[in-house]
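Commentary on secondary and tertiary structure
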Amino acid sequence: MFRRIKNKRFRYAIIALYFIVLFFCALELNFLWLFGYSPTIKDIKTPTINVVSELFTADGKLIGKYYKENRTPVEYDSISPAIIDALVATEDVRFYEHSGIDIRSLLSSIVSTASGDKRGASTITQQLAKNLYSTRNRKSQGLIKYIPLVRTVVFKLKEWVTAYKLENYYSKKEILTLYLNTVPFGNNTFGIKTASKRYFNKNVHKLQVEEAAMLVGMLKATTTYNPIRNPEKSLERRNTVLSQMQKYDYLTEKEFKKYSQRPLKLNPGSLDEGSDGGSYLRSAVSRYLEKWCEDNGYDLYADGLKIYTTIDSRMQQYAEEAVTSQMKILQKRFENVWGNENPWRTTDGNEILDFPEKAAQRLPYYEFLKKRFDGNRDSIDYYLNRPKKMKIFSWNGEKEVLYSTIDSIKYYAKILNTGMMTLDPFNGHIKVWIGGINHNYFNYDHVNQAKRQAGSTFKPFAYLAAIQAGMNPCDKFIDQAVRIPYTLKGKTEYWEPKNSSYSFSGREMSMRWAMGKSVNSITAQITEKVGAKNVVKYAHECGIESDLKAVPSVSLGPNDVSVFEMVKAYGTFLNKGIRSEPILVEKILDLDGNLIEKFKSEQKRTLSEEIAWLMIYMLRGGMEEPEGTSQALWEWDLWKNNNQIGGKTGTSSDYVDGWYMGVTKDLVTGVWVGCDERSVHFKTSQTGEGSRTALPIFGKFMEKVYKDKSLGITQGPFPKPGVKITREYQCETPRYSSDTTSIDSLLTDSLYIPDEVSDTIERSNFNARQTISPKIQENKSNLPADNKAPVNPKTEPPVEVQKTRKEIRDERKQNKPSPVN
């Protein structure tokens with residue numbers, strides 16, 4: 001074919017051209033998988049840039065980001081002209097004159113290299129091709145990667161081809177914008193906008209000339225010229241860029257002298273938006289959106305989504321402040337309670353001697369040591385007990401210590417944690433989400449990942465089952481010892497629940513009083529009457545999703561549930577019997593601000609409006625009934641404008657878990673407090689009950705919420721029933737004096753009472769019933785009328801003073817029989 005060309009020189013030129021074309025075709029097609037992937041025209045038209053997705057609160061505050069590369073794009077018009085000038089003067093002075101490949105610069109580079117002066121000849125467009133399409137990564141290499149010199153030539157040729165394609169499709173401004181949005185600036189910082197925020201804490205259009213020169217100077221070597229790590233080298237490189245700008249007439253000599261004499265003046269900004277609460281939120285939202293992203297073909301970490309949560313930033317802040325304030329107090333209290341003793345204990349109070357070693361065996365590090373030393377215990381123990389420098393969490397700030405792995409386990413096992421969630425049940429919007437005390441050290445989310453025994457916060461579901469069965473809040477039960485039979489492995493066993501006060505009053509109580517005071521014996525009787533299966537049934541219908549065992553003690557909260565579930569279930573009471581599925585994300589926008597998805601809570605009626613209103617009325621009993629377990633809330637400024645609050649405390653066996661569920665006319669809030677290790681807990685009700693651990697967080701939080709008028713959350717009574725209430729509910733409750741030095745009136749709701757204590761107290765108190773006198777029954781002056789604020793037990797005198805438990809105990813010491821009234 002080529003022999004027809006008579007002129008040899010022309011023939012050889014044609015042959016050379018033919019093979020060059022053939023080579024580039026093979027290069028583009030990845031012939032025989034020799035050359036690897038090359039960007040197509042489609043890739044050029046729609047370049048893939050990993051863009052940060054941003055997380056916002058409902059009121060528009062940025063609280064977090066998701067990214068593989070921390071990059072936020074910026075438009076050309078928003079870039080400081082000094083950045084463009086510095087970039088062109090330093091990286092590609094003939095940028096506006098070539099078409100992606102600067103032949104003159106290439107030839108000059110070859111000559112310089114031959115003379116020993118190595119300098120690059122890559123244009124800005126070529127660098128963009130390499131950054132944007134990763135032309136040298138494994139996917140783009142092919143089989144020629146095994147031939148050192150050839151692979152370098154091929155890589156360079158691919159960059160040329162890609163640069164040429166870019167120049168033919170994009171304008172010079174667009175290429176500069178793409179380049180500045182893709183280049184790395186070290187410290188997990190990508191793109192000029194993020195770099196401007198990272199190093200100078202300002203928008204990119206506000207960068208001064210010397211600041212722009214410093215950032216452009218970093219592009220040569222982001223580690224070597226990092227201004228934080230190597231300020232002297234960074235300053236030197238910045239001045240080199242400034243001299244280039246002067247050389248190519250972007251600066252006058254006077255301007256060069258002025259800018260080059262200025263110091264770096266860094267003002268580092270935070271790229272990790274959001275508090276610790278925000279960190280838990282970021283994780284929670286990523287879990288929440290995982291399936292949505294999969295179903296809709298989005299990448300949360302690369303597609304530049306703008307995600308608006310239902311969280312209110314002000315309420316979130318108040319909740320975090322309340323948590324921080326109370327958890328500091330509780331941690332100090334916990335340390336004072338145990339002193340130099342180890343707190344990991346069995347149910348009978350004995351120290352678990354091998355606790356740290358058993359805990360270590362659950363660590364990935366233990367498995368590593370086990371494999372490395374072939375299970376040799378001595379070697380494993382040596383490394384587990386070898387001290388090393390580490391940073392640990394403390395309420396006084398991060399501390400650097402010399403701890404072994406075993407030391408670290410012992411330290412963190414003693415740290416109290418918390419979970420808190422606030423819900424607007426009318427629309428299902430989650431307003432507050434606090435998964436723990438510090439996300440950097442405690443990743444586990446205590447709102448919806450952790451499940452713990454609910455204690456007496458589960459009791460309302462027993463009373464709900466009773467009301468559903470036809471009972472009413474005024475139905476009476478006697479606070480007395482009960483013996484409930486049940487079948488275990490074909491054998492009849494008996495459950496004998498104890499009250500948290502270790503005693504039985506013998507009094508006749510309404511269901512509302514019994515729930516408000518959290519009386520275990522009456523709750524057990526109600527559960528026996530309605531059936532444990534029905535308690536489980538209605539708990540599930542209200543929103544509890546966890547598996548619940550229908551055991552006789554189910555109403556006292558032995559099953560593990562999450563804060564998320566409990567808040568959702570209590571929300572059903574407030575929302576007139578309609579269960580709202582809590583949502584954490586309200587809407588999602590794409591990179592251009594277009595609405596992609598709007599989320600709405602799924603709602604379903606599970607209770608009648610009458611039943612739901614009666615349950616709110618029952619929950620108010622915690623504040624309004626004598627010795628109600630919510631009455632510690634009087635300590636906070638929550639009682640203006642005839643305000644009403646319903647709530648329930650909860651404390652699991654051995655004071656392991658402290659709970660408080662609080663309900664106002666607008667919101668439902670759940671709080672859990674405890675150690676992650678269940679064998680680590682408080683010693684007594686005075687230090688570890690829910691009213692003393694979790695309730696104060698609710699009180700402090702709501703006090704702040706009410707004071708912020710901009711939130712629109714006001715004090716006031718619960719709404720009057722929208723339907724006719726057919727049940728009797730306004731029942732009379734007598735008021736007795738209580739001995740607060742004997743048993744705290746803010747009762748702990750424990751499932752476990754030591755046998756040696758409970759047996760003695762039960763024998764001496766079972767016959768000490770006190771009947772309600774006719775005089776008290778006739779007296780209605782102290783009864784809280786419907787939709788009125790509760791009577792304050794701190795200011796209102798008791799109707800009739802009975803003998804206190806202290807007086808009875810003193811009489812026993814003198815071998816006198818306890819009187820029966």
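Residues numbered from 1 in each chain as written. Predicted model: local features only at pLDDT ≥ 70, side-chain atom pairs only at ≥ 80, totals over all residues. Heavy atoms only, no water.

In this section: the sheet that holds strand β1 (residues 53–56). Strands sit in the order β2-β1-β3-β15-β16 across an open sheet of five strands; the sheet is mixed. A single partner strand is all that each edge strand has here, and the edge strands are β2 (62–66) and β16 (595–598). Across the sheet, the axes of successive neighbouring strands diverge by a mean angle of 20 degrees, strand direction being ignored. (Pairing = 2+ DSSP bridges. Helix = DSSP H or I, 4+ residues; strand = E, 2+ residues; numbered from the N terminus. Axes fitted to C-alpha atoms, helices over the stretch in contact; angles between N-to-C directions.)

With that settled, consider helix α23 (residues 609–619). Taken across its 11 residues, α23 has 10 buried, putting it largely inside the fold. Of all the positions in α23, only E610, I611, A612, W613, L614, M615, I616, Y617, M618 and L619 are classed as buried. The inward-facing, buried residues of α23 abut α18 (460–468), α19 (511–517), α22 (563–574), α24 (621–624), β18 (646–651) and β19 (657–663). (Buried < 20%, exposed > 50% of the residue type's maximum accessible area, 1.4 Å probe, protein only. Contact = heavy atoms within 4.5 Å.)

A side chain with one charge may pair with a side chain of the opposite charge, provided their charged atoms come close. Using the criterion set out here, one finds 29 salt bridges in the structure. In this structure, the salt-bridge partner of E545 is K568, at a minimum N-O distance of 2.7 Å. Taken together, the residues E545 in the loop between α21 (532–542) and β13 (560–561) and K568 in helix α22 connect sequence positions 23 residues apart. Its relative accessible area of 2% is what places K568 among the buried residues. Among the ionic pairs, E581 bridges to K568, the shortest N-O distance being 3.2 Å. Placement of the pair is E581 in the loop between β14 (578–580) and β15 (585–589) and K568 in helix α22, with a sequence separation of 13 residues. Using a relative accessible area of 25% as the deciding quantity, one classes E581 as partly exposed. Through salt bridges with shared partners, a single ionic network connects R512, R620, E624 and E625. (Salt bridge = Lys/Arg side-chain N within 4 Å of Asp/Glu carboxyl O.)

With that settled, the discussion passes to the confidence of the model for the chain. With 78% of its residues at a pLDDT of 70 or more, the chain has an overall mean of 84. Within the model, the stretch residues 793–821 combines pLDDT values under 50 with 54 contacts to residues more than four positions away or in other chains. (pLDDT = per-residue confidence, 0-100.)

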